[in-house]
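# A structural walkthrough
What follows is each chain in one-letter form.
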Amino acid sequence: MIEPTDVAICVADDELPKSPSGGTPANPPIVQTSTFTFPTFEDLLRGLSTESRSHVYSRGLNPTVEALERKLARLERGEACKCFGSGMAAISAVMLGLLEAGDHVLFVNHTYGPTLQLAEHLRRFGIEHDLLLELEPEAAEAALRPNTRLVWLESPGTMMMRVLDIDAVAAVARDRGILTCIDNSWATPLYQKPLAMGVDIAVHTASKYLGGHSDVIAGAVVTTAERMEQIFYRAFLLNGGVLGPVDAWLLLRGLRTLPVRMRQHEADALRVAEFLRSHPAVRRVHYPAFADDPDLVARQLTGLSGLLSFELAQDDFGSVSRVIDRMKVARIGVSWGGVESLVISPNRGTNAEALDLQGIPPGLIRLSVGLEGAGLLIDDLDSALSALG
Ligand SMILES: *Cc1c(COP(=O)(O)O)cnc(C)c1O
């Protein structure tokens, strides 16, 4: 279920400037400018001293990007949002803006690969981390260290789509004054509201469902105004991974159809997941609709997106690549959340050990269910799976 307020935020609710003749454009303007000029030098200096609130230079604030930020903040029920040139720029800004040498980060659940690679690089700056794949709140509590500064969550998690108890893990961290951040990309703010469950920061890749058409790379951070001020001055403005006004405009357009797209992704993914679950060549389907704890899923997720994975019973690399290669409707590629279905496997034929360490089965195939129609995709999967004989 999608809240009517959220539909209104996505589809309408733009603050649009009237034209001199009184008409209002149906779409927001693209303010394609690098700099803003001022009547006096003193006015410019005033702007520079409050750069997190003033239009001075588009590496800071840009009106088209701000229109998007206002919408995302409202959808996540947060005070402030900043958008970035990619999801990874957003994730980097949270870590570089809030952590310092000597800190420890605890990642709970399967985590997006490049996020963990970034954490690995941060070791050079004296920031340590652990990855915890046990999802019970007690396990998170036990894995905290005296210097843990940030608990990083993904739910549903990368590849395996496992759901953790966000509320309970956030409470464990909060009791010790530890910050929590969640990568909320899978569910989108329409289907999961982690800030309302006590999480401090939500990050998104906007390159997936928010944009929705595989034509933009972007990211976002949503948190309190006070914490955002720190992220703005310590990371956003200095890393410089900003979103351009044209890409912000494409995202505003993407948001207009986010509610209808998500409803359709969900309906189609459910049909595809049911088909896969009944297929003899498939050992298991990983999708929150079939989670071990349906009450937890119902409490946290008001809907499901279209990203799922399944395990082949015949789980060697040859079988995995044969099935992927036989698919015609779903195209082979990284990323997800667009109108076109995409298929991939974490199994590269050379990384058995790494997969085993992360508890990812070798026969896993990940499918982003696009909007071609569930019937077409089911036929596609049926013929691809018949390649296994
Ligand atoms: C793609 C992705 C990211 C990174 O976003 P980019 O826009 O590609 O930088 C982060 N988290 C998750 C879960 C993703 O799938």
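The shown structure was predicted, so the numbers you read here are calculated from the model rather than taken from an experiment.

### Section: the overall build of the chain
Secondary structure assignment for the chain yields 15 helices and 12 strands. A compact globule built from 389 residues would reach a C-alpha radius of gyration of about 21 Å, and the chain, at 22 Å, matches this within 12%. If one aligns the C-alpha atoms of the chain with their principal axes, the spans along those axes are about 75 × 55 × 35 Å. The burial tally for the chain puts 55% of its 389 residues in the buried class. When contacts within the chain are restricted to residue pairs at least 6 apart in sequence, those whose partners lie at least 24 apart make up 72%. Total accessible area on the chain stands at roughly 16,600 Å², and carbon and sulfur atoms take up 54% of it. Within the chain, the 48 negative side-chain charges are centred at a point lying 4 Å from the centre of the 35 positive side-chain charges.

### Considering a nonpolar patch on the surface
The grouping of Phe41, Leu45 and Leu48 at the surface amounts to a nonpolar patch, some 310 Å² of accessible area in total. Structurally, Leu48 can be placed in helix α2 (residues 41–49).

### Here we look at the nonpolar core
In terms of nonpolar packing, the biggest core is built from 87 residues, with Leu276, Phe310 and Leu367 touching the most fellow members. Counting contributing residues per domain, this core is built from domain 1 (4–253) and domain 2 (258–388), each supplying no fewer than three. With residues up to four places along the chain from it excluded, the contact list for Leu367 reads Val272, Gly306, Leu307, Leu308, Phe310, Met327, Ala330, Leu342, Val343 and Leu381. The next biggest cluster of nonpolar side chains, apart from the first, holds 31 residues, and it includes Trp152, Ile201, Val203 and Val221.

### Remarks on the site of the ligand
In the vicinity of the ligand, the residues found are Ser86, Gly87, Met88, Ile91, Tyr112, Asp183, Thr205, Ser207, Lys208, Ala218 and Trp336. Between the ligand and Met88 there is a distance of 2.8 Å, counted from an oxygen atom to a backbone nitrogen or oxygen. Within the contact set of the ligand, an oxygen atom lies 3.0 Å away from a side-chain nitrogen or oxygen of Trp336. Within the complex, the protein chains bury 90% of what would otherwise be the 380 Å² of accessible surface of the ligand. Under a 2 Å grid-point criterion requiring more than half of the atoms, the pocket assigned to the ligand is the largest pocket.

### Structural notes on the domain arrangement of the chain
Each domain of the chain was delimited in the assignment, giving domain 1 (4–253) and domain 2 (258–388). On a C-alpha basis, the centroid separation for the pair domain 1 and domain 2 is 27 Å. Listed by partner, the interface residues are 30 residues for domain 1 and 37 residues for domain 2. Of the roughly 3,000 Å² buried where domain 1 meets domain 2, counting both sides, 66% is carbon and sulfur surface. Our count for the domain 1 to domain 2 interface comes out at 1 salt bridge. Linking Arg299 and Asp165 is a salt bridge whose minimum nitrogen-to-oxygen distance equals 3.4 Å. Put simply, domain 1 and domain 2 have 17 residue pairs in polar contact (both at pLDDT 80 or more) between them. Elements supplying a minimum of two residues to the side of domain 1 that touches domain 2: α1 (4–11), α7 (166–175) and α8 (188–191).

### Concerning the sheet that holds strand β9 (residues 307–312)
Overall, mixed pairing links the 5 strands, which are arranged β8-β9-β12-β11-β10 in an open sheet. Of all strands in the sheet, those bounded by a partner on one side alone are β8 (282–286) and β10 (331–332). Bridge count for β10 against strand β11 (residues 342–344) is 2 bridges, and the pairing is parallel. Paired with Arg331 across the strands is Leu342, a residue of β11.

### Details of the packing of helix α4 (residues 87–98) against helix α9 (residues 225–239)
For the pair α4 and α9, interaxial distance at closest approach is 8 Å and the crossing angle is 110 degrees. Taken together, the axes of α4 and α9 are roughly perpendicular relative to one another. Two packed elements cross with a definite hand, and for α4 against α9 that hand is right-handed. Along the contact surface, α4 presents Ala93, Val94, Leu96, Gly97 and Leu98, while α9 presents Arg227, Gln230, Ile231, Arg234, Ala235 and Asn239. Residue composition of the contact of α4 with α9, grouped by class: 6 nonpolar, 3 polar and 2 charged.

Basis of the calculations
Residues numbered from 1 in each chain as written. Predicted model: local features only at pLDDT ≥ 70, side-chain atom pairs only at ≥ 80, totals over all residues. Heavy atoms only, no water. Helix = DSSP H or I, 4+ residues; strand = E, 2+ residues; numbered from the N terminus. Rg over C-alpha atoms; globule rule 2.2 N^0.38 Å. Buried < 20%, exposed > 50% of the residue type's maximum accessible area, 1.4 Å probe, protein only. Contact = heavy atoms within 4.5 Å. Areas by Shrake-Rupley, 256 points an atom, 1.4 Å probe, with all protein chains shown as cover. Lys, Arg positive; Asp, Glu negative; His and termini not counted. Charge placed at Lys NZ, Arg CZ, Asp CG, Glu CD. Patch = residues over 30% accessible without salt bridge, like charges linked within 9 Å, V, L, I, M, F, W, Y side chains within 5 Å. Salt bridge = Lys/Arg side-chain N within 4 Å of Asp/Glu carboxyl O. Core = buried A, V, L, I, M, F, W, Y, C linked by side-chain atoms within 4.5 Å. Domains from an automatic or database assignment. Near = heavy atom within 4 Å. Polar contact = N/O pair within 3.5 Å; in protein donor to acceptor, adjacent residues only side chain to side chain. 1 Å grid on protein atoms, 1.4 Å probe; cavity = no way out; pocket = protein on both sides within 12 Å on 5 of 7 lines; lining within 4 Å. Sits in = over half its atoms within 2 Å of the grid points. Buried area = accessible area lost by both parts, 1.4 Å probe. Pairing = 2+ DSSP bridges. Axes fitted to C-alpha atoms, helices over the stretch in contact; angles between N-to-C directions. Parallel < 35°, antiparallel > 145°, perpendicular 65-115°, else oblique. Left-handed = near helix turned anticlockwise from the far one by under 90°. Nonpolar A, V, L, I, M, F, W, Y, C, P; charged D, E, K, R; others polar.

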